[in-house]
Amino acid sequence: MFVADTLEEAAAMAGLDPQVLRATVDQYNSYVDAGEDPDFGRKEFNGKVETGPFVISKLEMHYHLTFGGLVIDTDAHVLDEAGQPISGLYAAGDVTSGYEGAAHQSGDCLSVVVYYGKTAGVNAAQGK
């Protein structure tokens with residue numbers, strides 16, 4: 001993962017053309033402002049990409065699935081059969097299930113693993 005305070009720095013670290021990345025992000029931000037992405041028909045956005053730190057990660061296609069794994073909540077607590085957190089038990093990554101619904105959404109795994117890995121670690125360290 002490449003982390004920098006500006007898009008241009010992150011692009012250079014990752015071996016990308018900083019001008020191309022800047023143009024792509026500016027285009028995306030214009031779609032957020034317009035409320036619609038005419039290229040893909042998207043109408044819902046999480047917000048503009050404006051402030052750092054900016055993170056770029058190299059992704060490679062690998063196919064793997066885990067269905068029926070441990071179910072976690074948004075704090076990475078493992079849930080029991082009644083949907084209640086099991087005290088002191090956290091999980092992240094391929095052992096978890098439930099966040100994708102009925103179908104696996106290829107391509108979202110890395111962000112989920114990174115987010116829940118950090119969340120599980122922080123909550124376990126704080127005893128939440």
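Overview of the structure. (Residues numbered from 1 in each chain as written. Predicted model: local features only at pLDDT ≥ 70, side-chain atom pairs only at ≥ 80, totals over all residues. Heavy atoms only, no water.)

### Quick notes on the side chain of N123
This is how it is decided: By definition, any uninterrupted DSSP run of H or I lasting at least four residues is a helix, any uninterrupted run of E lasting at least two residues is a strand, and each is numbered from the N terminus. Note on exposure labels: buried denotes an accessible area under 20% of the residue type's maximum, exposed denotes more than 50%, and partly exposed covers the range between, all computed with a 1.4 Å probe on protein chains only. Every residue pair with non-hydrogen atoms within 4.5 Å of one another is taken to be in contact.
Tracing the chain through its elements places N123 in helix α3 (residues 109-126). When its relative accessible area of 6% is taken as the criterion, N123 is described as buried. Once you skip the residues sitting within four places of it in the chain, N123 turns out to touch D75, Y90 and K128.

### Re helix α2 (residues 18-34)
Heads up, the condition is: A helix's residues, less one, multiplied by 1.5 Å, set its expected span. Each direction from the helix axis to a C-beta atom contributes to the arc, which is the arc of those directions.
An ideal rise of 1.5 Å per residue puts 24 Å on 17 residues; α2 measures up with 24 Å between its terminal C-alpha atoms. Those residues of α2 lying buried are L21, V25, N29, Y31 and V32. Looking straight down α2, one finds that the buried residues subtend no more than 155 degrees of arc, so they occupy a single side. Those residues of α2 that are exposed and aimed more than 90 degrees away from the buried face are Q19, D33 and A34. On its buried side, α2 packs onto α1 (7-14) and β2 (54-56).

Everything listed is a geometric property; what it means functionally is a separate question.
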